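Examining the three-dimensional arrangement
Each chain, letter by letter, is given below.
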Amino acid sequence: MKSLAALCLLLLSAWARGADYSGPLFDAHLHYNEDAYEGPHPLDDVLARMQRNGVRAIVANSRPNDGTKALADAAVQTRAAGVTVVPFIRLYRNRADYGSWFRDESIYSMVEQEYARGTAAGPYRGIGEFHLYDSANASGPVARKLMQFAEQKRLAVLAHVDDVAIDLLMAHAPGARLIWAHTGIGGPSAARVQALMERYPWLMGELSYRPGLSCTDDRGRTQLCPDWRALMLKFPDRFLIGSDTWINQRWLYYDGLMQDYRRWLGELPPQVARRIAWDNGAMLFQLVSP
Ligand SMILES: [Zn+2]
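Presented here is an overview of the structure given in this document.

Definitions and limits used
Numbering of residues starts from 1 in every chain and runs along the sequence as written. Only residues with pLDDT of 70 or above have their local features reported here, since the model is predicted, and side-chain atom pairs are shown and tallied only from 80 upward, although totals for entire chains, interfaces and linings are computed over all residues. Heavy atoms from the whole structure form the basis of all side-chain values; hydrogens and water molecules are not counted. Remark: nonpolar core denotes a set of buried residues (Ala, Val, Leu, Ile, Met, Phe, Trp, Tyr, Cys) joined through side-chain atoms within 4.5 Å. We call a residue buried when its accessible area falls under 20% of the maximum for its residue type, exposed when it is over 50%, and partly exposed in between, using a 1.4 Å probe and counting protein chains only. In what follows, residue pairs with any heavy atoms lying within 4.5 Å of each other are defined as contacts. Side-chain rings of Phe, Tyr and Trp (the six-membered ring for Trp) are treated as a pair once their centres are within 6.5 Å; stacked means planes under 30 degrees apart, edge-to-face means over 60, and tilted covers the remaining angles. A run of DSSP states H or I qualifies as a helix once it reaches four residues; a run of E qualifies as a strand once it reaches two. Both are numbered from the N-terminal end. Two cysteine sulfur atoms form a disulfide, by the criterion used here, when they sit within 2.5 Å. Strands are treated as partners if at least two bridges between them are detected by DSSP. Note on geometry: axes are lines fitted to C-alpha atoms, helical ones only across the stretch in contact, with angles between N-to-C directions running from 0 to 180 degrees.

Some details on the nonpolar core
- Grouped together as the largest cluster of nonpolar side chains are 93 residues, with contacts concentrated most on M50, W101 and W264.
- Leaving out residues up to four positions away in the same chain, W264 has contacts with L207, L213, L224, M232, I241 and I276.

Some thoughts on the packing of aromatic side chains
- By the definition in use, this model includes 13 aromatic pairs.
- Ring centres of F26 and F285 lie 6.1 Å apart, and the angle between their planes is 10°; on these two criteria the pair is classed as stacked. A residue pair is termed long-range when its members are at least 10 positions apart, and F26 in strand β1 (residues 25–30) and F285 in the segment after α13 (270–284) qualify at 259 residues. Per residue, the accessibility class of F26 equals that of F285, and both read buried.
- Judged by centre distance (4.7 Å) and plane angle (40°), the ring pair of W101 and F130 falls under tilted. Remark: F130 occurs in strand β4 (residues 126–131) and W101 occurs in the loop between β3 (84–89) and α6 (105–117); sequence separation between them is 29 residues. In this structure, W101 and F130 share a single accessibility class: buried.

Focus: the state of the cysteines
- Counting across every chain of the model gives one disulfide.
- A sulfur-sulfur separation of 2.0 Å characterises the disulfide bridge that pairs C215 with C225. Where C215 bonds to C225 through sulfur, the torsion about that S-S bond is close to 110°, and the disulfide is right-handed. Residue C215 is found in strand β8 (residues 214–216), and its partner C225 is found in the loop between β9 (222–224) and α10 (226–234); the two are separated by ten residues along the sequence.
- Under the relative-accessibility criterion, C215 is labelled partly exposed at 29%.

Focus: the environment of F102
- Along the chain, F102 turns up in the loop between β3 and α6.
- Expressed as a C-alpha distance, the spacing of F102 and Y115, which sit 13 residues apart in the sequence, is 18 Å.
- For F102, the residues in contact, after removing those within four places along its chain, are L132, N137 and V142.

Section: the sheet that holds β4
- Taken in spatial order, the eight strands make up an open sheet running β1-β2-β3-β4-β5-β6-β7-β10, and their pairing is parallel. Strands at the two margins of the open sheet, each flanked by one partner only, are β1 and β10 (239–240).
- As defined by bridge partners, β4 adjoins strand β5 (residues 156–160) across five bridges and the pair is classed as parallel. Across the sheet, residue G128 finds its bridge partner in β5, namely L158.
- Contacting β1, β2 (55–60) and β7 (204–206), helix α12 (residues 254–265) crosses the sheet at an angle of about 125° to β1.

Spelled out as structure tokens, the structure:
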């Protein structure tokens, strides 16, 4: 009886919220790192997680690039799971590269070589994710060369940086397609994000870990905060969702992460939800819709 009452409550609250988004998802921030594939998450495991969550395409960027290659090589399995792999070149061979890539010319050479090599799933489509914890390093020579390389080769760039670094990176290559990882993990205001979106028509925002997205109303229910809802309605073609599986724990929570996206996407008008969930990524990389 108790569980029946709980079920009724759950159904009621779902009904009160409106239906979750149920279409395809494009995971625009996925890592398949060494700790995952050499540990508890072999290829079949991660593909099963994507498949059961309706994730139909992924931006794959992995430390080292072998994880992305493993996904790109597995044409039969990825096709069976209904997942299209969009490979990105990661700048990191190991943990140490996180903090020094921007002054390491060998990283730039590695990116050039990787790009020339390509993958079994086709050419690389982007560079990143890279991190800049001090935005001043966005002005350095390696960052400049990478941005210009990306612009020249029409590669997207996935950058985990603050809002100051967005201006600095875009100054190197105004035509580059920059995907702002987390749309600023430090949580710059929606107004600041809007100003950057207006200034840079090629800037896109990926929403994993984004602080300030969900607000709690007086009845204790969480929903999209009004300023973010307004921003998404204003720029429906500029946002993407992502899992950011940077540690194995994120793979364990993959179902929950995707369910959470489906829940708040369901609060948006259906066409807007569909764009953020799938269309924006599919358009960016010219994918056929499932
Ligand atoms: Zn990441």
